[in-house]
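Residue-level listing of the chains:
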Amino acid sequence: MKTLIKAGRVIDPANKIDAVMDILVEDSKISKIAKNIPVKADKVIEAQGKIVMPGLVDMHVHLREPGREDKETIQSGSQAALAGGVTSVLAMPNTSPAIDSKENIKILKTAIQKSAKVNCFICAAITKERLGAELTDIASLKKEGALAISDDGASVDNDDLMLEALKVAKKEGLPVICHSEDKKLTAYGVVNLGFTSTRLGLRGISAESEYKRVERDIELARQTGASIHIAHVSCQESLELIARAKKNKVRVTCESAPHYFTFSEEAVLGYDTNFKMNPPLRSQEDRLAIRKGLSSGLIDVIASDHAPHTENEKDIEFERSEFGVIGLETELAAVVTELIGNSLLDWSGLVMKMSLHPSRILGLNKGTLSVGADADIIVVDPGREWIVRKENFYSKSKNSPFIGRSLKGFVEYTLCQGKVHKWNS
Ligand SMILES: [Zn+2]
Ligand SMILES: [Zn+2]
């Protein structure tokens, strides 16, 4: 099977390419990339005026299977990924049961083989049942295929235990993804501490609860030489700590998510629970700091933190509703609209943050369009505007803060391992 993607603007920063070119895909691999490929293909995609780039690699996704198939399944979540131009996801381990043993990884791998439509990679837990009390057998988790470890949803509170985890992770060559939150400081808050918490009379979550834990995690990474990745950075102080750590050669990378650079805490004034996530939307200054961090290169990765919840868990009082929002189907367009649209990022920068860097952090041979690479490719209409509609989501859950918004940048084709999917609406 030969597929020819013709005359698109090819963006492949790993190979320093930003030029109009053809790409030939044979079966599941990229077989040729050149100015003009005169070949008789089985399928031709006319990509004039379109962006052709590596499929997105989203390193922070909650697929909810096993255990909460009412929120999302591997099948529905990976279908949502495909539609959003995401060809690889890293599945977070806070499922039920948690992915904290070789046996549970095996069960997950079987489910992935059965129903995944994109490449699904596995992040395993740091502690058993993610309770923060006892380390998992990190070496055997790696052997079984885990690409990273994280207790995402929680932080490992015990400093000694986290230190031990980083020592083993370093030995095993596994990155540790840090959900940096001191629950003692979060204190059952539901929105950012400050203007909105006062206005709404709701309990606040301080920025300190995040950056104090970022500070600890960086210190432990410095002591051990382990690689850490700070998930969902939401405030300015965390960024300052990460900038300093990078300067001091600590092995730290970080991510933020589209909601943190699109919205600020004012968005929750209408008590819409689709703006409730953890960490919470912060101040306008924090939002601007995140945008600046993305533009300067300080923030390495954009990930969705796709966190599906059912309507029963979201469409209730603000305080009782679950934290988290979906994002697989809107992340590319959010970045095109907010960052490329405001000249904070160019297309190569987008590919680096949403595909190349996460691939490198996870040790994946993805994020490029090199000859011989897996044919994970997307074709994007950069100028096409579309309105985010609840009824169009492939995700089982609809808890998106982007519903009703007009976004620019539409994924027209997703090729995953060479298999072509076309999207119309
Ligand atoms: Zn988290
Ligand atoms: Zn998460």
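Conventions adopted
- Residues numbered from 1 in each chain as written.
- Chains lettered and ligands numbered in written order.
- Predicted model: local features only at pLDDT ≥ 70, side-chain atom pairs only at ≥ 80, totals over all residues.
- Heavy atoms only, no water.
- Donors = N, O, S within 2.8 Å, 3.2 Å for Na, K, Ca; no water.
- Helix = DSSP H or I, 4+ residues; strand = E, 2+ residues; numbered from the N terminus.
- Buried < 20%, exposed > 50% of the residue type's maximum accessible area, 1.4 Å probe, protein only.
- Disulfide = S-S within 2.5 Å.
- Salt bridge = Lys/Arg side-chain N within 4 Å of Asp/Glu carboxyl O.
- Pairing = 2+ DSSP bridges.
- Polar contact = N/O pair within 3.5 Å; in protein donor to acceptor, adjacent residues only side chain to side chain.
- Contact = heavy atoms within 4.5 Å.

## As for the coordination of the zinc ion (ligand 1)
Alright, step 1. Within the first shell, the zinc ion (ligand 1) binds the protein through Asp152 (OD), His179 (ND1) and His232 (NE2), at distances of 2.0 to 2.1 Å.
Alright, step 2. Taken as a pair, the zinc ion (ligand 1) and the zinc ion (ligand 2) show a spacing of 3.5 Å, with aspartate 152 coordinating each metal. Of this pair, aspartate 152 sits in the loop between strand S9 (148-149) and helix H4 (159-172) while histidine 232 sits in the loop between strand S13 (228-230) and helix H8 (236-247), placing them 80 residues apart in sequence. One exposure class covers both aspartate 152 and histidine 232, and it is buried.

## Details of the state of the cysteines
Alright, step 1. Counted according to the given criterion, the structure contains zero disulfides.
Alright, step 2. Summary of cysteine pairing: cysteine 178 is not part of a disulfide, and the nearest cysteine sulfur, belonging to cysteine 123, is at 11 Å.
Alright, step 3. A relative accessible area of 2% means that cysteine 178 is categorised as buried.
Alright, step 4. Between cysteine 416, a cysteine without a disulfide, and cysteine 120, which holds the nearest cysteine sulfur, the sulfur-to-sulfur distance is 8.9 Å.

## Notes on unusual backbone geometry
Alright, step 1. With an omega dihedral of 5°, the bond running from glutamate 65 to proline 66 counts as a cis peptide bond.
Alright, step 2. Residue position: proline 66 is located in the loop between strand S6 (56-61) and helix H1 (74-83).
Alright, step 3. Residue asparagine 278 is joined to proline 279 through a cis peptide bond whose omega torsion reads -5°.
Alright, step 4. Mapping proline 279 onto the fold places it in the loop between helix H9 (258-262) and helix H10 (284-296).
Alright, step 5. Its identity is not glycine, yet lysine 16 carries a phi of approximately 55°, on the positive side.
Alright, step 6. When you line up the elements, lysine 16 lands in the loop between strand S1 (2-12) and strand S2 (17-26).
Alright, step 7. Located in the positive-phi region is serine 343, a residue other than glycine, with phi close to 55°.
Alright, step 8. Note on placement: serine 343 falls in the loop between helix H12 (331-340) and helix H13 (347-362).

## Concerning the pattern of salt bridges
Alright, step 1. Under the definition given, this model contains 24 salt bridges.
Alright, step 2. In this structure, the salt-bridge partner of glutamate 144 is lysine 109, at a minimum N-O distance of 3.1 Å. Residue glutamate 144 is found in the loop between helix H3 (138-143) and S9, and its partner lysine 109 is found in helix H2 (residues 102-115); the two are separated by 35 residues along the sequence.
Alright, step 3. For glutamate 144, a relative accessible area of 14% corresponds to the buried category.
Alright, step 4. Connected via shared salt-bridge partners are Lys29, Lys366, Asp374 and Asp376.

## Overview of the coordination of the zinc ion (ligand 2)
Alright, step 1. Around the zinc ion (ligand 2), the donor atoms from the protein are His60 (NE2), His62 (NE2), Asp152 (OD) and Asp305 (OD), and they sit 2.1 to 2.4 Å away.
Alright, step 2. Between consecutive donor residues of the zinc ion (ligand 2), the sequence gaps follow H-x1-H-x89-D-x152-D.
Alright, step 3. Among the residues examined, histidine 60 registers a relative accessible area of 0% and is labelled buried.
Alright, step 4. On the accessibility criterion, histidine 62 (4% relative accessible area) is buried.

## Things to note about the pairing of strand S17 (residues 406-416)
Alright, step 1. A large share of S17 lies buried, amounting to nine of its 11 residues.
Alright, step 2. Bridge count for strand S16 (residues 377-387) against S17 is eight bridges, and the pairing is antiparallel. In the strand pairing of S17, glutamate 385 is matched with lysine 408.
Alright, step 3. Examined bridge by bridge, S17 and strand S18 (residues 419-422) share four bridges and lie antiparallel to one another. Paired with threonine 414 across the two strands is histidine 421, which belongs to S18.
Alright, step 4. Turn length for the S17-S18 hairpin, with the two strands adjacent in sequence and antiparallel, is two residues, and the turn residue glutamine 417 shows positive phi of about 50°.

## A closer look at the side chain of threonine 127
Alright, step 1. Position of threonine 127 relative to the elements: it lies in the loop between strand S8 (119-124) and H3.
Alright, step 2. By relative accessible area, threonine 127 is classed as buried at 0%.
Alright, step 3. Separated by 2.8 Å, the side chain of threonine 127 and the backbone nitrogen of glycine 132 make a polar contact.
Alright, step 4. Residues contacting threonine 127, with those up to four places away along its chain left out, are Asp100, Gly132, Ala133, Glu134, Leu135, Thr136, Asp151, Val156 and Leu161.

## Observations concerning the environment of leucine 339
Alright, step 1. With respect to the helices and strands, the residue leucine 339 is situated in helix H12.
Alright, step 2. If sequence neighbours within four positions are ignored, leucine 339 has contacts with Phe261, Arg291, Leu294, Ile302, Ala334, Leu344 and Leu345.

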